[in-house]
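Descriptive structure summary
If you want the building blocks of each chain, they are given just below.
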Amino acid sequence: MPAPAGHLELGARLDPLTRARTAEPVHLRASDLTTHGVIVGMTGSGKTGLGIVAIEEALLQGIPVLAIDPKGDLGNLLLTFPDLSPAQFEPWVNPGDAERKGVTVAAYAEQQAAKWRDGLQGWGLGAERVRALRERADLVIYTPGSSAGVGLDVVGSLTPPAEGVDAETRADEIEGFVTSLLGLVGIEADPIASREHILLSSLIGHAWAQGRALDLPGLVLQVTDPPLRKLGVFELDTFFPARDRMALAMRLNGLIAAPSFATWTQGPPLDPATLLRAPDGRPRCAIVSLAHLSDAERQFVVTLLLSRTITWMRGLPGTSDLRALVYMDEVFGYVPPTAAPPSKKPILTLLKQARAFGVGMVLSTQNPVDVDYKALSNAGTWMIGRLQTERDKARLMDGLSSAAGGVDTNALGETISGLGAREFVLHTTRGAPPALFTTRWALSYLRGPLTRDQIQRLMADRMEKAPAHPGVDVVGSSVAAPSAPTSPPPADDALLAPPTVAAGVPVYHLDPAAPWSGSIGANPTSDRYEAAVVARVQLLFDETKADLRHQEEWEAVFFPLERVVDPTSGLQVDYDARDLRERPVRAGSYVAPEAPLDERRWFSELEAALKEHLYRNRQVEVLVNRELKLYSRVDEDRAAFAARCHDAAETEEDAEAARIRDRMEKRMDSVRQALAKAEDRVEELQETARHRRSQEVLSGVGSVLSAFLGGKRTTRSIATELRRASSRRGSTAGAVQRLDSAENRAQEKESELEALEAELADELLEIDRRWAQRAAAIETLQVGLEKSDIHVAEVAVVWVPR
């Protein structure tokens, strides 16, 4: 049975004693999430599965969801198979899981399909419910900064907020953008103390005040030539000198000019109104996947996304219904208790203000100690799973105590301590007692994090080609791509001709404005030219086992030239066509070098020497975790690779822990059942013993002696009565003895259960320690070149003014 309108069916209640699932469903009013929610639970507790179930329910109720996915698990929401057939599961099962099971991928897919059919049937669900989810909701995976999924134009246009948006909202959105942007280029900027932050914020604010949108290239150009005379009370050049502004512009331009940056401007704009609804009006689950990004890039996206959400939200009329749900699968690092990353402010703003606009936020985390208490205390709905440490439980209890709505934290703490996999306690501030429940079977196939190729396959019909995104010529005033050098007027016929150069070898003159001209001692005012050689070599680092195919260009200048050129003497430079001219700037004389420039063989020998030198000495360094069989990308820093290793180890740890828990759960269930029977026997014998004691008192020895002393009974009858009383005392003693035995039996079973729980805890801690150790086993690997992977693209003579 579907949940009633306006309610989310999370699962079913558990019997507190037997932990058996009951027939009573657990429904959460959707409107309760306007006061926000928290899901907590250690690895393997099932919190991601609970989050996916909650999202499925919201979509079935017509509520759109903005899902922020740092780990890559939420893409599982698109793995819904109405036919529940093995053929639908097969492309998505994990081949490694099949290998560990000792079966083929096809056989494993058949097992998974059967498991999902049986699981759904056990909850009274079937293909029609899966089909309803697919038909009622639109699901899209957005991958900002990557072409794996649908792109998201995060920085393509700094569009002013709609008219009527208050100044505070504008300022918050600007602050979030600037803080994150500076973080991308390695500048930790305080909004009040940092002149970089103040300048960029002022430029955006100035444009918005005039109703103009900016793009990032336009913002960078304004850094060099701001349309502002003062910043505060100081003249612009006093507050932020032109030379320092140029350095900032060059730093930002480096970000824009990087080839990978094009992916940050492709796809639909970052607009919550369009992200949350499909063109046909259906609610959408917009999954913003961040697993492929570095920490700084993740902060950038989360901050901009939530800042835009706040701006959109504040333009809505008030409501008490849940209009949209913002779900964040792992909030670690985004709202920490001490630090203040860019994402912290918009998260806290949403938690404090979104209720009035019908926007709810649900945060999921493994460790409550990693979350600011202000975030925890603003949550009105808590879904609490098994916790890893007492410290986590203590922080959780503090958060519950601070939140509105009283709760018996002692009783709740005892319940939490005994939770198993997929078991949670639901507590809301509505006053209802906490509910112990197990999550329902997910309609989506929970296969774990999706790979880049899998995301690409799911989003193939939605992809848009990324537009070209050139860098910014911060020296001039236009957006510039590399262009051919301009030619000055023809040289005077009276100039001395340069020495002859071998056929087929290009000849240029160095542009005095080339950035590297000073490195070789060029003198822009000189009319005396000496010969140099510039070389451009294309390198391919190819390592199959590391899935590495990395291309680089090595560019160098050799100067002065000798008869035999030492390939190690090349000065590595970054040059392009704009640095080289076909004609000199001024007339002059040429100095013939020792090198025989007219011999093609000399250039061939130089090329061969370059190849040999690069073959023996040029390497790229990647990180490798041999325990997990993972390799880093060339441009991936150690922190990002370590996070990826952690996620991979966590996945393996979850799988191993699940197997251990399943095995132990069977033993524990058996002991729990025996304990329940023993406790029932104790209650039965306690009642029997109380009854026998009562009978003994009513017809005890005292009444018999009274009859004897009264003289109204015969001696024989009194003796008989005394023997009966003694027999009753013996029966009572026997009942007490049986009660003691039953209590001992119950205590034994209770001790056995505690021992099993302690054994499980020890095994899980050992698994966690072992996989953490494997995740930390990171080494460096030097990848060299094959000679066939070295291609000399250009060797040219360049005349340098000296």
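Residues numbered from 1 in each chain as written. Predicted model: local features only at pLDDT ≥ 70, side-chain atom pairs only at ≥ 80, totals over all residues. Heavy atoms only, no water.

**Focus: a negative patch on the surface**
Taken together, the side chains of Glu679, Asp680, Glu683, Glu750, Glu754 and Glu757 make up a negatively charged region of the molecular surface. If you list the elements that add at least two residues to the negative patch, you get helix 19 (638-698) and helix 21 (715-775). Of note, Glu683 is situated in helix 19. Owing to a relative accessible area of 52%, Glu683 belongs among the exposed residues under this scheme. (Patch = residues over 30% accessible without salt bridge, like charges linked within 9 Å, V, L, I, M, F, W, Y side chains within 5 Å. Areas by Shrake-Rupley, 256 points an atom, 1.4 Å probe, with all protein chains shown as cover. Salt bridge = Lys/Arg side-chain N within 4 Å of Asp/Glu carboxyl O. Lys, Arg positive; Asp, Glu negative; His and termini not counted. Charge placed at Lys NZ, Arg CZ, Asp CG, Glu CD. Helix = DSSP H or I, 4+ residues; strand = E, 2+ residues; numbered from the N terminus. Buried < 20%, exposed > 50% of the residue type's maximum accessible area, 1.4 Å probe, protein only.)

**What about the pairing of strand 15 (residues 528-543)?**
For strand 15, the buried fraction is high: twelve of the 16 residues fall into the buried class. Bridge count for strand 15 against strand 19 (residues 589-591) is three bridges, and the pairing is parallel. Bridging across to strand 19, Glu530 finds its partner in Val591. With eleven bridges connecting them, strand 15 and strand 23 (residues 790-801) associate as antiparallel partners. Following the sheet pairing, Ala531 is matched in strand 23 by Trp799. Of the pairings in the sheet, the one linking strand 15 to strand 16 (residues 548-558) comprises eleven bridges and is antiparallel in character. Paired with Val534 across the bridge in strand 16 is Val557. Hairpin connection of strand 15 to strand 16: four residues between the antiparallel strands, including Asp547 at a positive phi of 50°. (Pairing = 2+ DSSP bridges.)

**Focus: the environment of Leu630**
Turning to its location among the elements, Leu630 is positioned in strand 21 (residues 630-631). Residues within four places of Leu630 in sequence aside, it is in contact with Leu623, Val624, Asn625, Phe641, Arg644, Cys645 and Ala648. (Contact = heavy atoms within 4.5 Å.)

**Thoughts on helix 10 (residues 242-257)**
Here helix 10 contains 16 residues, and its C-alpha end-to-end distance of 21 Å stays within 8% of the 22 Å for a straight helix at 1.5 Å per residue. Here helix 10 has its buried residues at Arg245, Leu248, Ala249, Leu252, Asn253, Leu255 and Ile256. Angularly, the buried residues of helix 10 cover 150° about the axis, an arc narrow enough to put them on a single face. Buried positions along helix 10 lie against helix 6 (167-184), helix 7 (195-209), helix 8 (216-224) and helix 9 (236-239). (Expected span 1.5 Å × (residues − 1). Arc of directions from axis to C-beta.)

**Some points on the nonpolar core**
The nonpolar side chains of a soluble globular protein tend to be buried, and buried together. In terms of nonpolar packing, the biggest core is built from 147 residues, with Phe177, Leu219 and Ile347 touching the most fellow members. The element that contributes the greatest number of residues to this core is helix 12 (residues 295-314), accounting for nine residues. Once you skip the residues sitting within four places of it in the chain, Leu219 turns out to touch Leu158, Phe177, Leu181, Leu200, Leu203, Ile204 and Leu214. The next biggest cluster of nonpolar side chains, apart from the first, holds 37 residues, and it includes Val533, Leu548, Phe558 and Tyr590. (Core = buried A, V, L, I, M, F, W, Y, C linked by side-chain atoms within 4.5 Å.)

**Quick look at the sheet that holds strand 8 (residues 284-289)**
A sheet is described by the order of its strands in space; here eleven strands give the open sequence 2-1-13-12-11-3-10-9-4-8-5, paired in mixed fashion. Where the open sheet ends on each side, the last strands, each with one partner, are strand 2 (21-29) and strand 5 (138-142). Strand-to-strand twist in this sheet, taken as the mean axis angle between neighbours without regard to direction, amounts to 25°. Relative to the sheet, helix 1 (residues 47-60) contacts strand 1 (7-14), strand 3 (37-40), strand 4 (65-69), strand 5, strand 8, strand 9 (324-328), strand 10 (359-365), strand 11 (381-384), strand 12 (423-428) and strand 13 (435-439), its axis offset from that of strand 1 by approximately 140°. Along the sheet, helix 12 contacts strand 4, strand 8, strand 9 and strand 10; its crossing angle with strand 4, the most-contacted strand, is approximately 165°. (Axes fitted to C-alpha atoms, helices over the stretch in contact; angles between N-to-C directions.)

**Re the sheet that holds strand 22 (residues 779-783)**
In spatial order, the strands read 21-20-22; together these three strands make up an open sheet with antiparallel pairing. Each end of this open sheet is capped by a strand with a single partner; those strands are strand 21 and strand 22.

**As for the pattern of salt bridges**
Applying the stated rule across the entire model yields 43 salt bridges. The partner of Asp138 in a salt bridge is Arg462, and the shortest N-O contact between them spans 2.4 Å. Here Asp138, found in strand 5, pairs with Arg462, found in the loop between helix 17 (452-458) and strand 14 (507-510); they are 324 residues apart in sequence, far enough to count as distant. Relative accessible area serves as the criterion here: at 30%, Arg462 is assigned to the partly exposed category. Put simply, Glu530 and Arg528 hold a salt bridge, and the shortest N to O gap is 2.9 Å. Three or more residues joined by partner-sharing salt bridges are found here, namely Asp172, Glu175, Arg314 and Lys345.

**Notes on the packing of helix 12 against helix 13 (residues 344-353)**
Look at helix 12 against helix 13: their axes get within 9 Å of each other, and the N-to-C directions meet at 30°. With respect to their mutual orientation, helix 12 and helix 13 come out roughly parallel. The hand of the helix 12/helix 13 crossing is left-handed. For the pair formed by helix 12 and helix 13, the contact residues are Thr303, Leu306, Ser307, Thr309, Ile310, Met313 and Arg314 on the first element and Pro346, Ile347, Thr349, Leu350 and Gln353 on the second. Residues that form the contact of helix 12 with helix 13 fall into these classes: six nonpolar, five polar and one charged. (Parallel < 35°, antiparallel > 145°, perpendicular 65-115°, else oblique. Left-handed = near helix turned anticlockwise from the far one by under 90°. Nonpolar A, V, L, I, M, F, W, Y, C, P; charged D, E, K, R; others polar.)

**Topic: unusual backbone geometry**
That bond from Phe559 to Pro560 is cis: its omega, -5°, falls within 30 degrees of zero. Looking at where Pro560 falls in the secondary structure, it is placed in the loop between strand 16 and strand 17 (571-572). In this structure, His36 is a non-glycine residue whose phi angle is positive, near 75°. When you line up the elements, His36 lands in the loop between strand 2 and strand 3. Residue class for His36 comes out buried when judged on its relative accessible area of 1%.

So, to be careful, I would describe these as geometric facts and stop short of saying anything about function.
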